[in-house]
Amino acid sequence: QVQLQESGPGLVKPSQTLSLTCTVSGDSINSGGYYWSWIRQPAGKGLEWVGRIYTSGSTNNNPSLNSRVSISLDTSKNQFSLKLSSVTAADTAVYYCARGGVHWYVLADYWGQGTLVTVSS
Amino acid sequence: QTVVTQEPSFSVSPGGTVTLTCALSSGSVSTTYYPSWYHQTPGQAPRTLIYNTATRSSGVPDRFSGSILGNKAALTITGAQADDESDYYCALYMGGGIWVFGGGTKLTVL
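As a starting point, this report considers the structure included with it. Computed from a prediction, not measured in an experiment: that's the story for all the values here.

What counts, and at which threshold
Residues numbered from 1 in each chain as written. Chains lettered and ligands numbered in written order. Predicted model: local features only at pLDDT ≥ 70, side-chain atom pairs only at ≥ 80, totals over all residues. Heavy atoms only, no water. Contact = heavy atoms within 4.5 Å. Buried area = accessible area lost by both parts, 1.4 Å probe. Polar contact = N/O pair within 3.5 Å; in protein donor to acceptor, adjacent residues only side chain to side chain. Helix = DSSP H or I, 4+ residues; strand = E, 2+ residues; numbered from the N terminus. Nonpolar A, V, L, I, M, F, W, Y, C, P; charged D, E, K, R; others polar. Buried < 20%, exposed > 50% of the residue type's maximum accessible area, 1.4 Å probe, protein only. Pairing = 2+ DSSP bridges. Salt bridge = Lys/Arg side-chain N within 4 Å of Asp/Glu carboxyl O. Disulfide = S-S within 2.5 Å. Axes fitted to C-alpha atoms, helices over the stretch in contact; angles between N-to-C directions.

**Topic: the interface of chain A and chain B**
Where interface size is quoted, it is often the accessible area lost as the parts come together. In this assembly, 21 residues from chain A lie in contact with 19 residues from chain B. The junction of chain A with chain B conceals about 1800 Å² of combined surface from both sides, 65% of it contributed by carbon and sulfur atoms. Between the two partners, chain A and chain B, sit 8 residue pairs in polar contact (both at pLDDT 80 or more). When residues of the side of chain A that touches chain B are traced back to their parent elements, those giving at least two are β4 (35-41), β5 (48-54) and β6 (59-61) of chain A. Per-element tally for the side of chain A that touches chain B: the top contributor is β5 of chain A, with 3 residues. Residues that form the side of chain A that touches chain B fall into these classes: 11 nonpolar, 6 polar and 4 charged.

Laid out in structure tokens, this is it:
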């Protein structure tokens, strides 16, 4: 059974960089040709796709966040990571990591439980 | 910027049938947008229900079905149950590796 677990600081100061890690178990992050995504949700609001990384390392990001988002793989630790720079209060949200399906058009088949990140001084 | 639109809220009687839709601010939704649907209850991560318009994710009962209705993607729930309540989101593939979620529909079963 594939499981994903987000981790990282729960509090980030404005203008700093938010850094989160998703640890994957039950699957190897560099096998199978999957997409690995980050999705976020501000309190009381809807889901927002942040970006994704393919097994090869190629990435796609939400255009509204593009220049601030960096997603990377660490195959030695079976993890992938999100960095979001120059954060503001608007980046306060629950951040979910997810694995896509066998086919590229499956956005998310397995989800992490989510982790709350608050941007505040 | 393209906006994906869902009904803000909907209600259905227990045992009834409801169809939620997912539209584009400009243009029609077709299978080439690979619509997917997610159900989220309070405090929980979303659960994937449908992908590629009409394919059910593993373990999803056949009470849930996806389709294209007119110019929108649609999620139909038949025989609605109390635990079908809460939020439903669609997501569309915009090309170029980009996905966009709809604003969500809050479903009430009463």
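We are not done yet, so read on.
**Brief notes about the pairing of strand β11 (residues 115-119) of chain A**
Residues in a regular strand point their side chains to alternate faces of the sheet. Residues and elements named next belong to chain A. Of the two faces of β11, only the one carrying Thr-115, Val-117 and Val-119 is buried; Leu-116 and Thr-118 on the other face are not. Relative to β11, strand β2 (residues 11-12) runs parallel, the two sharing 2 bridges. By the bridge assignment for β11, Leu-11 is matched with Thr-118. For strand β9 (residues 93-99) and β11, the ladder comprises 3 bridges, and the chain directions are antiparallel. Paired with Val-94 across the strands is Leu-116, a residue of β11.

**Overview of the pattern of salt bridges**
All names here are of chain A. Evaluated as defined, the whole model comprises 5 salt bridges over all chains. A salt bridge links Glu-48 to Arg-40; the nearest nitrogen and oxygen atoms lie 2.7 Å apart. For Arg-40, the salt bridge goes to Asp-91, with nearest N and O atoms at 2.8 Å. One end of the pair, Arg-40, is in strand β4; the other, Asp-91, is in the loop between β8 (79-84) and β9, and 51 residues separate them in sequence. Each member of the pair, Arg-40 as well as Asp-91, is classed as buried. One salt-bridge network, in which partners are shared between bridges, spans Arg-40, Glu-48, Arg-68 and Asp-91.

**Digging into the state of the cysteines**
Residue and element names in this part refer to chain A. Counting across every chain of the model gives 2 disulfides over all chains. The disulfide bridge from Cys-22 ends at Cys-97, spanning 2.1 Å between sulfur atoms. Between Cys-22 and Cys-97, the S-S torsion sits near 60°, and that sign places the bridge as right-handed. Of this pair, Cys-22 sits in strand β3 (residues 18-25) while Cys-97 sits in strand β9, and the two are 75 residues apart along the sequence. Judged by relative accessible area, which is 0%, Cys-97 ranks as buried.

**With respect to unusual backbone geometry**
Excluding glycine, residues mostly carry a negative phi; peptide bonds, for their part, are mostly trans. Of note, the phi angle at Ser-15 of chain A is positive, near 80°, even though the residue is not glycine. Looking at the secondary structure, you find Ser-15 of chain A in the loop between β2 and β3. Taking the relative accessible area as the measure of exposure, Ser-15 of chain A reaches 57% and is therefore exposed. A positive phi angle, near 75°, is found at Thr-53 of chain B, a position not held by glycine. Within the secondary structure layout, Thr-53 of chain B lies in the loop between β5 (47-51) and β6 (55-56).

**Some words on the environment of Gly-101 of chain A**
Residue and element names in this part refer to chain A. Inspection of the secondary structure assignment puts Gly-101 in the loop between β9 and β10 (110-111). For Gly-101, a relative accessible area of 5% corresponds to the buried category. Sequence separation between Gly-101 and Ser-58 is 43 residues; the distance between their C-alpha atoms is 17 Å. Once residues lying within four places of it in the same chain are set aside, the contact partners of Gly-101 are Tyr-34, Val-106 and Asp-109.

**Observations regarding the environment of Thr-17 of chain B**
Residues and elements named next belong to chain B. Along the chain, Thr-17 turns up in the loop between β2 (9-12) and β3 (18-24). Thr-17 gets classed as exposed once you look at its relative accessible area, which sits at 53%. It is 17 Å that separates the C-alpha atoms of Thr-17 and Ala-54, two residues lying 37 residues apart in sequence. For Thr-17, the contacting residues outside a window of four places in its chain are Val-12, Thr-76, Ile-77, Thr-78 and Gly-79.

**What about the sheet that holds β3 of chain A?**
Residue and element names in this part refer to chain A. Across the sheet, which stays open at both edges, the 4 strands sit in the order β1-β3-β8-β7 with antiparallel pairing between neighbours. Only two strands of the sheet have a single neighbouring strand rather than two, namely β1 (3-7) and β7 (69-74). Neighbouring strand axes in the sheet, compared pairwise and without regard to direction, differ in orientation by 20° on average. Looking at chain direction, β1 and β3 are connected through 5 bridges and run antiparallel. Note on β3: the bridge partner recorded for Ser-7 is Thr-21.

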